[in-house]
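What follows is the residue order along each chain.
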Amino acid sequence: MRTRREILRRARDYDASAVALVNLLEPLDLVREFQSHPPEGFAPLEFCTPAFATKFDLLTTLEPAVRRRLRALPRPRPLTCFVGTTVSEYALFPAEMAPEELARAVVAQFAARYSFVIIKDIPAEPALVGEEAFMYSRRLGDACREAGFALLDGQALAYVPIDFDSIDDYLARFSHSRRKNLRRKLRRRGSVEIEAIASGDERFGDDAFVAAIYALYRNVYDQSEIHFDLLTEAFFRAMLRNASVNATLFCYRAEGALIGWNLCVAKDGMLIDKYIGFDYSAARAHELYTVSWFHNLQHAVDRRYRCYVAGWTDPEIKRQLGARFTPTMHAVRVRNPLLRGALKLSKRWFEPDRRWTSADDERDRS
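Residues numbered from 1 in each chain as written. Predicted model: local features only at pLDDT ≥ 70, side-chain atom pairs only at ≥ 80, totals over all residues. Heavy atoms only, no water.

Caption draft 1: Region of interest: the overall build of the protein. Along the protein, the regular secondary structure elements total 14 helices and 15 strands. For the protein, buried positions account for 52% of its 366 residues. Considering only intrachain contacts with a sequence separation of at least 6, the fraction spanning at least 24 residues in the protein is 77%. Of the roughly 17,200 Å² of accessible surface on the protein, a fraction of 49% belongs to carbon and sulfur atoms. (Helix = DSSP H or I, 4+ residues; strand = E, 2+ residues; numbered from the N terminus. Buried < 20%, exposed > 50% of the residue type's maximum accessible area, 1.4 Å probe, protein only. Contact = heavy atoms within 4.5 Å. Areas by Shrake-Rupley, 256 points an atom, 1.4 Å probe, with all protein chains shown as cover.)

Caption draft 2: Quick peek at the environment of Asp163. Structurally, the position occupied by Asp163 is in the loop between strand 8 (157-161) and helix 6 (167-171). Exposure remark for Asp163: the relative accessible area of 52% places this residue in the exposed category. Separated by 144 residues in sequence, Asp163 and Cys307 have C-alpha atoms that sit 8.3 Å apart. One polar contact links Asp163 to Arg173, side chain to side chain, over a distance of 2.8 Å. (Polar contact = N/O pair within 3.5 Å; in protein donor to acceptor, adjacent residues only side chain to side chain.)

Caption draft 3: Structural context of helix 4 (residues 99-110). Helix length check: helix 4 (12 residues) gives 16 Å between terminal C-alpha atoms against 16 Å at 1.5 Å per residue, within 8%. Buried residues dominate helix 4, accounting for 9 of its 12 residues. Along helix 4, the residues that are buried comprise Pro99, Glu101, Leu102, Ala103, Ala105, Val106, Ala108, Gln109 and Phe110. (Expected span 1.5 Å × (residues − 1).)

Caption draft 4: Spatial organisation of the nonpolar core. Of all hydrophobic cores here, the largest spans 81 residues; its most connected members are Ile119 and Phe236. Per-element tally for this core: the top contributor is helix 8 (residues 207-223), with 7 residues. In contact with Ile119, not counting residues within four places along its chain, are Val83, Ala91, Phe93, Val106, Cys144, Phe149, Met329, His330 and Ala331. Judged by nonpolar contacts, the second largest core, of 36 residues, contains Val160, Leu171, Trp293 and Tyr305. (Core = buried A, V, L, I, M, F, W, Y, C linked by side-chain atoms within 4.5 Å.)

Caption draft 5: Focus on the pairing of strand 6 (residues 116-123). Among the 8 residues in strand 6, 8 count as buried, and that is most of the element. By the bridge criterion, 4 bridges tie strand 4 (residues 79-83) to strand 6 in an arrangement that is parallel. Considered in strand 6, the bridge of Cys81 is made with Val117. Sheet topology places strand 6 next to strand 15 (residues 328-334); 6 bridges connect them, and they run antiparallel. (Pairing = 2+ DSSP bridges.)

Caption draft 6: Highlighting the confidence of the model for the protein. Averaged over all residues, the pLDDT of the protein equals 88, while 82% of them reach at least 70. In this model residues 361-366 is a low-confidence stretch, pLDDT under 50, and it forms 4 contacts with partners more than four residues away in sequence or in other chains. (pLDDT = per-residue confidence, 0-100.)

Caption draft 7: Just unusual backbone geometry, in detail. Here Asp121, not a glycine, exhibits a phi torsion of approximately 60 degrees, which is positive. Inspection of the secondary structure assignment puts Asp121 in strand 6. For Asp314, which is not a glycine, the phi torsion comes out positive at approximately 55 degrees. Positionally, Asp314 belongs in the loop between strand 13 (307-311) and helix 12 (315-320). Since its relative accessible area comes to 32%, Asp314 is described here as partly exposed.

Caption draft 8: Layout of the sheet that holds strand 13. Pairing is mixed in the open sheet, where 7 strands are placed in the order 9-10-11-12-13-8-14. Sheet topology places strand 9 (193-198) and strand 14 (324-326) at the edges, where each strand pairs with a single neighbour. Going from strand to strand, the sheet's axes swing by 30 degrees on average, the running direction of each strand aside. As defined by bridge partners, strand 11 (residues 257-267) adjoins strand 12 (residues 270-278) across 8 bridges and the pair is classed as antiparallel. Note that in strand 12 the partner of Lys267 across the bridge is Met270. (Axes fitted to C-alpha atoms, helices over the stretch in contact; angles between N-to-C directions.)

Caption draft 9: Structural detail: the pattern of salt bridges. The tally for this structure, following the rule as stated, stands at 15 salt bridges. A salt bridge links Asp142 to Arg145, with the nearest nitrogen and oxygen atoms 3.3 Å apart. Residue Asp142 and its partner Arg145 are both found in helix 5 (residues 131-146); the two are separated by 3 residues, about one turn of the helix. Taking the relative accessible area as the measure of exposure, Arg145 reaches 47% and is therefore partly exposed. Connected via shared salt-bridge partners are Glu195, Asp201, Arg203 and Arg253. (Salt bridge = Lys/Arg side-chain N within 4 Å of Asp/Glu carboxyl O.)

Caption draft 10: The arrangement of the side chain of Asn23 in detail. Structurally, the position occupied by Asn23 is in the loop between strand 1 (21-22) and helix 2 (28-36). From its side chain, Asn23 meets the backbone oxygen of Ala91 in a polar contact 3.0 Å long. If near-sequence neighbours (up to four positions away) are discounted, Asn23 is found in contact with Tyr90, Ala91, Leu92, Phe93, Pro123, Val129, Ala133 and Ser137.

Have a look at this one:
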C-alpha cells in the first residue's frame, strides 16, 4: 500500500483536464469554465479531480418541511470540502486511478483540514453513466465506507429516454386528463418566439445581452428555497462565448421582449438541461416551463438524441411532465465523532429525494 506522501504526490500529479473522467456526461470545457470562474464563495482545490471548498449550510439538504421548522435557528456554515462540481451531473473521477486509491487520496488530502468532506453526486445506478462507470462508483462507495464515510441518498436526477418518434407519441403515454391539460398549456407556444443560439455565437460578445441573461438567472436563483451555488456573470460570459461548451441557449420572447431562456449542452447523444432564466410573471402567463420542456424534447427527437437529462430541481413538476428519476448518493466524512454519530441517527432527514426513485420502482411494477 502506498504511503500518505505517495498518495498525495500521485493525486497532485494527475491533470484532470488530460485524463479520462468517469461519469462525465458534459463537454469538458463546461467543467473548465467552472474551475476558472467558480460560484461566489467557492475556492477550487488542487486535486486529481475537480474539488472545491466553501462554507456550507448544513440544513441545505434537509427535508423541506424539517428545514422550514428549523429556519429560525442558527445556521452553522462550516468550511467544507466537496469532491465534485455543480456544473456536472455527477462527481468526476480519474479513470486511471483505482477507486480505492482515490478514497485514500481524498482522506489524506482533506480529512484533517475540513470538518466535513463530501463526495457529491455519485451515481447509484447505471442508467446514464453505463455499467463500467457505475461499477467504479460502487467500488468507490465501498472504499469510502471503509474509510469512515457515511453514504447518504442524494438528489434524484430527472431524465427522459427518447424512445418515441414525435411529441404526439409522447403525449399518448399520459392519462386523458393529463394529456388534455398539457395540450392546453402547449397552446401558449404560439404566443412566444423561440430562438436557438449556439455558444460561441458573436451575439454573446455583447455584454448587455449577457447581463440580461444573467438577470433572468438571478430571478430563478433568488426565488429558490435552496441557495448553494450562485454562479457569476463572469462564468456566464465565459461559457456562452466558448463554442467548445457545445451549448444552445433557447431564448423565449413575447412581443420582442426576452421573458425566459433555457441553456442545454449536448454530448454523446444526450441533451442535458443546465440552466434556466425567467421573467416570472411573463413566464407564467405563457406557460414557459411546460413549453420549454416540450421544445427540448422536440429538439432531442429532431437530432435523434437518445436521452434528455432534465436536472435535479422541481421533481414533482418533472414527474407530471413524464420524467423518470435515477438516484445518486453522497459520501460524507465528518471529523467530529459526536457529529458523526448524530449523522448516522438522523441521515433519513437528509435524503428528501428518495421517494422519487422509489416512485419509479412502483411505476415499474404497475
